[in-house]
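Structure at a glance
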Amino acid sequence: MPARDYLGEFEHIIVLALLRLEDRAYGVTVRQEIEFRTNREVSIGAVYATLDRLETKGYVKSHRGDPTPERGGRSKRFFRVTAKGEAAVNRTQRALQSMTEGLDLGLIRSYS
Amino acid sequence: MTPQADFVQPPRLAVWLVKLFTPADAAESILGDLLEEFSRLASKSGVAVARSWYWRQTVKTIPQVAGAGFRAAPWSTTAAVIGGFLLLRFVPHLLETAIFAVLHRYRVFEHHFNAYVFFATDGIAIGHVIASLFVGCIVALAAKGREMVATIALGLILCLMAGVGYLAWVARHWPMDDAMAWMLWNCTDLFAIVVGGAIVRMRGSAATPRPSDA
């Protein structure tokens, strides 16, 4: 099995955010979705650094939208998950499920 | 959106810093996203909260995009830094030789002693700063798109070397009068390298059309 088959923690979160947002996924919505669901402050730089890495791996694709006045005439960069990205997220999900199977996570929480 | 928020702009220095450290193609999306959220936050929670948010995002974003820039082209960036390091071994020395050649050719020592002292001391130090600025520009041009990462990396390496050299020199020659001046000129040289990178970066981003203009 290739060494880089699984997504890293933040990569996993980003791909899941893209899947949730579908065709509305760009920097602002991805960042807000992650903040809303994970309750952790995320920088736009971290989002783009991870998205660029995922694009290099072929897990996401991006295209530019039209420039808008509220963005100072700058365009949005929309992202979508590729088939390869979907396969990677499925693989990662399955690995996590397999690793947590049979564990009493409530018991772990009470110790932490 | 309130009328006040319509005219509110994010902190200029923060915008400039993001532009400085972000590759031109990524800067358009990042600055657009930041402005969009800033405007929304300014109208919802007030300008002060929005400005503070913008600064927090800037401080967190710069290392992320700089690191991503390096990871995207580690070998060419490293080569630019090593090239700059080697140039710095050569260019200031060449400049020093040229200054002394001119001083001896025109016998400045005999005719204008004060001018000779100036050129042989501060003149050489100023020459070093100009040489550092020149090398900073060359490194930035070589590290196209990663100008600030390359020049800051070179500056930090030299800073570390200067710090060690300073401690060793002070230990050997203590007490000494000009240690602080030596360190200050060294710091100015390092700063000049980074300024060279910033000049090339800003000229490059002014000349590059936005991706949305294409």
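Bear in mind the structure is a predicted one, so any value in this text is a computation, not a measurement.

**Some remarks on the overall build of chain A**
Helix and strand content of chain A: 5 helices and 2 strands. Traced from its N-terminal end to its C-terminal end, chain A shows the element sequence α-α-α-β-β-α-α. Contacts spanning at least 24 positions in sequence make up 48% of the contacts within chain A whose residues lie at least 6 apart.

**A look at the overall build of chain B**
From N to C terminus, chain B includes 9 helices and 0 strands. Counted from the first residue to the last, chain B has its helices and strands arranged as α-α-α-α-α-α-α-α-α. Summarising its shape, the C-alpha atoms of chain B cover approximately 75 × 35 × 35 Å along the three principal directions.

**Re helix α4 (residues 47-72) of chain B**
Between its first and last C-alpha atoms α4 of chain B spans 36 Å; for 26 residues at 1.5 Å apiece the expected length is 38 Å, and the two agree. The largest bend in α4 of chain B comes to about 30°, at Thr 61 of chain B, with the proline Pro 63 of chain B one to four residues further on. Looking at the buried side of α4 of chain B, the elements it contacts are α3 (44-57) of chain A together with α2 (12-21), α3 (24-45) and α8 (147-173) of chain B.

**Some details on the interface of chain B and chain A**
Listed as interface residues are 23 residues of chain B and, on the opposing side, 18 residues of chain A. Those elements that provide at least two residues to the side of chain B that touches chain A are α3 and α4 of chain B. Per element, the largest residue contribution to the side of chain B that touches chain A is 12 residues, and it comes from α3 of chain B. Within the side of chain B that touches chain A, the residues separate by chemical class into 9 nonpolar, 8 polar and 6 charged.

**Here's the deal with the pairing of strand β2 (residues 74-81) of chain A**
All names here are of chain A. Of all 8 residues in β2, 6 are buried, a share of seventy percent or more. Strand direction decides the pairing type here: strand β1 (residues 60-68) and β2, joined by 7 bridges, are antiparallel. Within β2, the position partnered with Pro 67 by the bridge is Ser 75. In this structure, the hairpin formed by β1 and β2 is closed by a connection of 5 residues, where Gly 72 is found at a positive phi of approximately 65°.

**Concerning unusual backbone geometry**
Positive phi values are uncommon outside glycine, yet Asn 39 of chain A reaches one of about 60°. Inspection of the secondary structure assignment puts Asn 39 of chain A in the loop between α2 (27-38) and α3. Overall, the presence of 7 C-beta atoms within 10 Å leaves Asn 39 of chain A in the exposed class. Positive phi values are uncommon outside glycine, yet Arg 107 of chain B reaches one of about 50°. Structurally, Arg 107 of chain B can be placed in the loop between α5 (74-105) and α6 (108-111). Arg 107 of chain B gets classed as exposed once you count the C-beta atoms within 10 Å, which come to 10.

**Some thoughts on the domain arrangement of chain B**
Residue and element names in this part refer to chain B. Domain boundaries in chain B define domain 1 (3-71) and domain 2 (73-207). Computed over C-alpha atoms, the centres of domain 1 and domain 2 are 33 Å apart. Every contact between the two is made by 10 residues of domain 1 and, on the other side, 10 residues of domain 2.

**Regarding the nonpolar core**
Ranked by internal contacts, the top residues of the largest apolar core, which has 61 residues, are Ile 14 and Leu 18 of chain A together with Ala 150 of chain B. A per-element tally of this core places α3 of chain B first, with 8 residues. Shared between two domains, this core takes at least three residues from each, and those domains are domain 1 (3-71) and domain 2 (73-207) of chain B. Residue contacts for Ile 14 of chain A: discarding those within four places in its chain leaves Val 30, Val 47, Thr 50, Leu 51 and Leu 54 of chain A.

**Some details on α3 of chain B**
Because an α-helix completes one turn every 3.6 residues, residues spaced three or four positions apart along the sequence face the same direction. With 22 residues, α3 of chain B extends 31 Å from end C-alpha to end C-alpha; this agrees with the ideal 32 Å at 1.5 Å per step. At the exit of α3 of chain B stands Gly 46 of chain B, carrying a positive phi of roughly 105°.

**Quick word on the environment of Trp 169 of chain B**
With respect to the helices and strands, the residue Trp 169 of chain B is situated in helix α8. The spatial distance from the C-alpha of Trp 169 of chain B to the C-alpha of Ile 30 of chain B is 46 Å, given a sequence separation of 139 residues.

**Considering the environment of Leu 35 of chain B**
One can find Leu 35 of chain B in helix α3. On the basis of neighbour count, Leu 35 of chain B is assigned to the buried category, with 20 C-beta atoms found within 10 Å. Discounting chain neighbours no more than four positions away, the residues touching Leu 35 of chain B are Arg 71 and Gly 72 of chain A together with Pro 10 of chain B.

Cut-offs and rules
- Residues numbered from 1 in each chain as written.
- Chains lettered and ligands numbered in written order.
- Predicted model: local features only at pLDDT ≥ 70, side-chain atom pairs only at ≥ 80, totals over all residues.
- Helix = DSSP H or I, 4+ residues; strand = E, 2+ residues; numbered from the N terminus.
- Contact = placed C-beta atoms within 7 Å.
- Expected span 1.5 Å × (residues − 1).
- Bend = angle between axes of the 7 residues up to and from the residue.
- Nonpolar A, V, L, I, M, F, W, Y, C, P; charged D, E, K, R; others polar.
- Buried ≥ 20, exposed ≤ 12 C-beta atoms within 10 Å, placed from the backbone.
- Pairing = 2+ DSSP bridges.
- Domains from an automatic or database assignment.
- Core = buried A, V, L, I, M, F, W, Y, C linked by C-beta atoms within 7 Å.

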